[in-house]
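Here is what each chain is made of, one letter per residue.
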Amino acid sequence: MALTKTKDGKTYELIRFPMKTMNITQGNNGQYSHQGVTALDIAGKDTGIEPTFAPCSMRYKWHDSVANGNAIFFESVNKVMFADGSIDYATFMFIHDNYIGDILALANKGHVFAQWEEFGDEGTAGRATGNHCHFEVAKGKYSRPYDGPNRYGVYCLHNSISADKACVVDGVTIKNGNGMAWKKASQVSTGKQWTRDCILKEGEKTKSVSVQIGAWPGTNNAIKGGKVYIPALGNGIPMTKVTEAGDTRDGKFDNYLANTNAKVTVDECTVEAVDKAKNKVKIHGVWVNP
Ligand SMILES: [Zn+2]
């Protein structure tokens, strides 16, 4: 069954983690062979060979030699939803499958791999010491296989990003998640995305600050005595400093903040302090996530 999510009225496939057991033996920027790149080595449930599954509906694009690990590249058929909520095409690279003739035979017939269709395997092709799957994912259509070598001599998938920003882990047993921020489909935000267009500095004025909130008990009493009270806004922000507080995103006060669309927009204010480590700024005496 396809794992999908709807955003702005359109339904997209989510990108699924490509193995049933997540046992990451080397993560992003790993000391062994991932220096300076975002890549995962996935070992599965044991030292044997387990299959890999198509993260989304995808088409074969290119493959490398057996000496280079049978690296094989795919592109999503349509735009898909990443675990960070963004929408784009996705490109994938899998390495170390000992035999990819089966995949190539299907690809030659124009086969489209369906989401979660079993298509490949872990293996040791190339310079692998134990059975695993080296996996990388990139945003955007396939344009070329590799970037690199970087200053450590390591190549990576062109434009690769951290897999936890791409893949959801529904149906995956996590044995070792490498401390990464894995999400399930239900945790993927389909709300508005933050656009990082500037760096906030102490003393600067912001045009507006909007805070997106989720539903929790008592949220519908968040507006009291002329102030908005939600945890993200500490001890309350006066309504006179707020242009919208509501669930409908219509620019009005709805006196009700209890769904995942709820939003509070705080008027122009001065950044009083910046906590870089916590990624927070202080406005109106309150620490908020910028
Ligand atoms: Zn690797």
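Structure first, text after, so check above.
If you're wondering where the values come from, they're calculated on a predicted model, not measured in any experiment.

### A short note on the sheet that holds strand 28 (residues 280-283)
Sheet strands associate in pairs through backbone hydrogen bonding, adopting either a parallel or an antiparallel arrangement.
Step number 1: Strands sit in the order 27-28-29 across an open sheet of three strands; the sheet is antiparallel. With one partner strand each, in any of the chains shown, strand 27 (273-275) and strand 29 (286-288) form the two edges of the open sheet. Between one strand axis and the next, the sheet turns by 25 degrees as a mean value, whatever way the strands run.
Step number 2: The pairing of strand 28 with strand 29 spans three bridges and is antiparallel. Paired with Ile283 across the two strands is Val286, which belongs to strand 29.

### Regarding the side chain of His34
Step number 1: Within the secondary structure, His34 sits in the loop between strand 4 (21-26) and strand 5 (40-42).
Step number 2: Take His34: its relative accessible area is 0%, and that puts it in the buried class.
Step number 3: A polar side-chain atom of His34 sits 3.0 Å from the main-chain carbonyl oxygen of Gly27.
Step number 4: Other than its neighbours up to four places away in sequence, His34 contacts Gln26, Gly27, Asn29, Ala39, Leu40, Asp41 and His134.

### Topic: the coordination of the zinc ion
Step number 1: For the zinc ion, the full set of protein donor atoms is His34 (NE2), Asp41 (OD) and His134 (ND1), and the range of their distances to it is 2.0 to 2.2 Å.
Step number 2: Here the donor residues of the zinc ion are spaced in sequence according to H-x6-D-x92-H. Taken together, the positions of Asp41 in strand 5 and His134 in strand 13 (residues 133-139) put the pair 93 residues apart, joining distant regions of the chain. The same class applies to Asp41 as to His134, namely buried.

### As for the side chain of His158
Step number 1: Along the chain, His158 falls in the loop between strand 15 (156-157) and strand 16 (160-161).
Step number 2: For His158, the side chain forms a polar contact with the side chain of Asn159, separated by 3.3 Å.

### As for the packing of aromatic side chains
Step number 1: The tally for this structure, following the rule as stated, stands at 15 aromatic pairs.
Step number 2: Relative to Tyr146, the ring of Phe73 lies with its centre 5.5 Å away and its plane at 80 degrees, an arrangement referred to as edge-to-face. Taken as a pair, Phe73 in strand 8 (residues 72-76) and Tyr146 in strand 14 (residues 146-147) lie far apart in primary sequence, 73 residues in all.
Step number 3: Ring centres of Phe92 and Phe135 lie 6.3 Å apart, and the angle between their planes is 15 degrees; on these two criteria the pair is classed as stacked. Of this pair, Phe92 sits in strand 11 (residues 90-95) while Phe135 sits in strand 13, and the two are 43 residues apart along the sequence.
Step number 4: According to the relative accessible area criterion, Phe92 is buried, its value standing at 0%.

### Some remarks on the pairing of strand 2 (residues 10-13)
Step number 1: When strand 1 (residues 4-7) meets strand 2, the two strands line up antiparallel, connected through four bridges. Looking across to strand 2, one finds that Lys5 is bridged to Tyr12.
Step number 2: Adjacent in sequence and paired antiparallel, strand 1 and strand 2 are bridged by two residues, among which Asp8 carries a positive phi angle near 50 degrees.

### Observations regarding helix 1 (residues 101-108)
Step number 1: Residues of helix 1 that are buried include every one of Ile103, Leu104 and Ala107, and no others. Projection of helix 1 onto a plane perpendicular to its axis shows the buried side chains occupying an angular sector of 95 degrees, all on one side.
Step number 2: If you follow the buried residues of helix 1, they end up packed against strand 7 (58-63), strand 8 and strand 12 (118-121).
Step number 3: Backbone geometry just after helix 1 places Gly110 at a positive phi near 80 degrees.

### Looking at the environment of Thr124
Step number 1: With respect to the helices, strands and loops of the structure, Thr124 is situated in the loop between strand 12 and strand 13.
Step number 2: For Thr124, a relative accessible area of 29% corresponds to the partly exposed category.
Step number 3: C-alpha separation for the pair Thr124 and His96, spaced 28 residues apart in sequence, amounts to 5.0 Å.
Step number 4: Beyond its immediate chain neighbours, meaning those up to four positions away, Thr124 contacts His96, Asn98, Gly130 and Asn131.

Parameters and conventions
Residues numbered from 1 in each chain as written. Predicted model: local features only at pLDDT ≥ 70, side-chain atom pairs only at ≥ 80, totals over all residues. Heavy atoms only, no water. Pairing = 2+ DSSP bridges. Helix = DSSP H or I, 4+ residues; strand = E, 2+ residues; numbered from the N terminus. Axes fitted to C-alpha atoms, helices over the stretch in contact; angles between N-to-C directions. Buried < 20%, exposed > 50% of the residue type's maximum accessible area, 1.4 Å probe, protein only. Polar contact = N/O pair within 3.5 Å; in protein donor to acceptor, adjacent residues only side chain to side chain. Contact = heavy atoms within 4.5 Å. Donors = N, O, S within 2.8 Å, 3.2 Å for Na, K, Ca; no water. Phe/Tyr/Trp six-rings, centres within 6.5 Å; stacked < 30°, edge-to-face > 60°. Arc of directions from axis to C-beta.

Worth remembering: the numbers are spatial, not functional.
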